[in-house]
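Notes for the structure review
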Amino acid sequence: MKKDFIAVADYSPEELKEMLDLAVDLKKEYFKKGNQPILKGKVLGMIFNKPSLRTRISFDMAMRHLGGDALFISPAEIGLVQRESIADVARVMSGYVHGIMARVFAHSHVTELAKWSSVPVINGLSDYNHPCQAMADVMTIYEKFGKLKGLKVTFIGDGNNVAVSLLHACSKLGLDFSIASPEGYDLDDNAWKMAEGFAVKSDSKLNKFRDPRQAVAGVDVIYTDTWTSMGQEEETEKRKNVFPPYQVNTGLVDLASKDAIVMHCLPAHRGQEITDEVADGPHSVLFPQAHNRLHAQKAILVKLLTLKCL
Ligand code: CP
Ligand code: NVA
């Protein structure tokens, strides 16, 4: 039986914690003496229908550090949907590689890949969510505070794919989650309802705001992301008029806890959703957060490609 990593919501809090513990161990091992080649002989096929810096390089390096290899496949090469059906691509690739990582536009494309593939499929971002990002985010929060439960996380801006995965990670793991977004840019209703169910079990508190100042009051983590996600480029100008009150700047950060950290999945649009002063300031964890993509994904790969402890 294979297992996929399509959404944080598909995993139990215990499984998520186990994966995070493994990520911490693999990170320690990597810096001490290098990782053991536990994925020797395994190859990850990486389908990219959108650009990427972090996801592309961190998955490639994660496979290499663990003794395996990765194959980058650009949009023009396989032409997912246009040249060949997802069902056929999935079944063919399953005979060549040991796992598939896919960054796609429509979320249904990654679920379809998972349905037809006989090897594990990892979601490297879709228009609905970004689960690998959320694992690195939670790992970074844990490293900074030494705990997760009870911490207050607030997301400022568009209720986008990154927000959905962060909401689900927080509500599964017992962190309080709030979001401040402008009208028309709320988090997906279904994703919110799912989180309410997770939050009952983990004792996490969820809140929605319009006013970013209210949302950040006393919080431990401020998180933001681009106002315009990949695939929404034609809305860029419209969004530039709506989102400026949601900029994460020094005035906003000053309202949070004095030890608050500021997070961003990157790429950042400096001067839009975040100022240089904050991105490069004392509260920022932007680069350790980006680096943790490598370690968090190693844990996902080990779990899925060796089926250890699942
Ligand atoms: N945060 C993130 O996924 O970055 P890339 O788009 O560069 O992969
Ligand atoms: N919300 C952004 C995240 C990029 C990593 C996007 O989908 O473009």
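Residues numbered from 1 in each chain as written. Chains lettered and ligands numbered in written order. Predicted model: local features only at pLDDT ≥ 70, side-chain atom pairs only at ≥ 80, totals over all residues. Heavy atoms only, no water.

Here we come to helix H4 (residues 86-93). Restricting attention to buried positions, one finds in H4 the residues Ile 86, Ala 87, Val 89, Ala 90 and Met 93. Angularly, the buried residues of H4 cover 165° about the axis, an arc narrow enough to put them on a single face. Elements that come into contact with the buried residues of H4 comprise strand S1 (43-48), strand S2 (69-73), helix H3 (75-78), strand S3 (99-103) and helix H5 (107-116). (Buried < 20%, exposed > 50% of the residue type's maximum accessible area, 1.4 Å probe, protein only. Helix = DSSP H or I, 4+ residues; strand = E, 2+ residues; numbered from the N terminus. Arc of directions from axis to C-beta. Contact = heavy atoms within 4.5 Å.)

On to the sheet that holds strand S9 (residues 261-264), then. Ordered in space as S7-S6-S5-S8-S9, the 5 strands form an open sheet in which the pairing is parallel. Looking at strand neighbours, the two that pair on one side only are strand S7 (206-209) and S9, the edges of this open sheet. This sheet shows a mean twist of 20° between the axes of neighbouring strands, independent of strand direction. Of the pairings in the sheet, the one linking strand S5 (residues 152-156) to strand S6 (residues 176-180) comprises 5 bridges and is parallel in character. Residue pairing for S6: Thr 154 is matched across the bridge by Ser 178. Helix-sheet contacts for helix H8 (residues 189-202) involve S6 and S7, and the interaxial angle to S7 is about 145°. (Pairing = 2+ DSSP bridges. Axes fitted to C-alpha atoms, helices over the stretch in contact; angles between N-to-C directions.)

This part takes up the packing of helix H6 (residues 131-145) against helix H7 (residues 161-173). Between H6 and H7, the shortest axis-to-axis distance is 8 Å and the interhelical angle comes to 50°. Between H6 and H7, the angle falls in the class oblique. In this structure, H6 crosses over H7, and the sense of that crossing is right-handed. Here Pro 131, Ala 134, Asp 137 and Val 138 of H6 lie close against H7, whose contacting residues are Ser 165, Leu 166, Ala 169 and Leu 173. Across the contact of H6 with H7, the residue classes tally to 6 nonpolar, 1 polar and 1 charged. (Parallel < 35°, antiparallel > 145°, perpendicular 65-115°, else oblique. Left-handed = near helix turned anticlockwise from the far one by under 90°. Nonpolar A, V, L, I, M, F, W, Y, C, P; charged D, E, K, R; others polar.)

Pairing within the open sheet is parallel, and its 4 strands lie in the order S2-S1-S3-S4. Every other strand in the sheet has two partners, leaving S2 and strand S4 (121-123) as the edge strands with one partner each. Going from strand to strand, the sheet's axes swing by 20° on average, the running direction of each strand aside. Pairing of S1 with S3, which is carried by 5 bridges, proceeds in the parallel orientation. Across the sheet, the residue bridging to Leu 44 is Gly 99, located in S3.

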